[in-house]
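Report on the structure
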Amino acid sequence: MKVTFLGTGTSQGIPIIGSTHPVCLSDNPKDKRLRVSVLIEWDNYTYVVDCGPDFRQQMLRANCAKLDGIIFTHEHADHIMGLDDIRPFFFKQGAIDIYAHKRVIKALERTFAYIFETENKYPGAPSVNENYIDGKPFIVGDLQIVPIEGLHNKLQVYGYRFDKFAYLTDMKTVADSEIKKLKNLEVLVINALREEPHESHFNLEEALDFIDKVKPKSAYLTHISHLLGFHDDVQQKLPENVYLAYDNLQITI
Ligand SMILES: [Zn+2]
């Protein structure tokens, strides 16, 4: 399985428009972060988790020519606003599979009403096949995916386990019963916003505590704010086998 970090930034991305913060002005490509998403490929299957406002640019950058589906964590704008840009895939492949909690699909129906239109639909609009996730494991391609539930402030969100790989973002609270589903991971991806506490995201300390509980072989941090600091400085401070993810990073599991 190959995982490509398409974006590793928090909701505004890095740099933030108009910001003069040193991290936003950094020339290091590792300090430039699009909105969070990962591309997951195995055998001939290609899936993304989330589809934010940078989706088009991410698909071009990753040279992605085929997409089997999109698995959504939750409905916030930085995770869904690229959905219209599935059109090139839809024109070639037909309706694209989407997987999400029922509440998230309802939000997509409101935000992208023209995509879900059943009468007099505009011919250029894309179509999707809706697949509801209810907390039970489900199959995509030939692989069983295990949803991992957490809270983003008070909003229910899903992370996902793909065999020995798990991707969790926008988590602030994860129950022990969910942590049990993360045993024996090769790689865990978990959100770490900044050092200061935040009401809806793990800060660095909370993310490191979470990694300590899950004990994966290695862990990567994502959904990063410019306030966490320069990539190279933060990486030096991290424990062994914990890495700050960056855009375009690829890992093989
Ligand atoms: Zn987010």
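You'll find the structure just up there.
This structure is a prediction, so every number in the text was calculated from the model and none was measured.

Structural notes on the environment of G141
With respect to the helices and strands, G141 occurs in the loop between β7 (138-140) and β8 (143-152). Residues in contact with G141, not counting those within four places in the same chain, are Y45 and D68.

Quick word on the sheet that holds strand β2 (residues 37-42)
In space, the seven strands of this open sheet follow the order β6-β5-β4-β3-β2-β1-β14, with mixed pairing throughout. If you trace the sheet from one side to the other, it starts and ends with β6 (128-133) and β14 (250-252), each paired once. Within the sheet, the average angular offset between the axes of one strand and its neighbour, ignoring direction, is 20°. The sheet contact formed by strand β3 (residues 45-49) and strand β4 (residues 69-71) spans three bridges and is parallel. From the neighbouring strand, V49 faces β4, where its bridge partner is I71. Sitting on the sheet, helix α5 (residues 102-111) is in contact with β5 (96-101) and β6, with an inclination near 125° to β5.

Things to note about the pairing of strand β12 (residues 218-222)
Burial analysis of β12 places four of its five residues in the buried class, the great majority of the element. Here strand β11 (residues 187-191) pairs with β12 via five bridges, running parallel. Its bridge partner being in β12, V187 is matched across the sheet by S218. Following the backbone out of β11, through helix α8 (residues 204-214) and into the adjacent parallel β12, one traces a crossover that is right-handed. As paired strands, β12 and strand β13 (residues 242-244) are joined by three bridges and run parallel to one another. Considered in β13, the bridge of A219 is made with V242.

Criteria and cut-off values
Residues numbered from 1 in each chain as written. Predicted model: local features only at pLDDT ≥ 70, side-chain atom pairs only at ≥ 80, totals over all residues. Helix = DSSP H or I, 4+ residues; strand = E, 2+ residues; numbered from the N terminus. Contact = placed C-beta atoms within 7 Å. Pairing = 2+ DSSP bridges. Axes fitted to C-alpha atoms, helices over the stretch in contact; angles between N-to-C directions. Buried ≥ 20, exposed ≤ 12 C-beta atoms within 10 Å, placed from the backbone. Right-handed = clockwise from strand over helix to strand, strands pointing away.

By themselves, these are just geometric observations and shouldn't be taken as functional.
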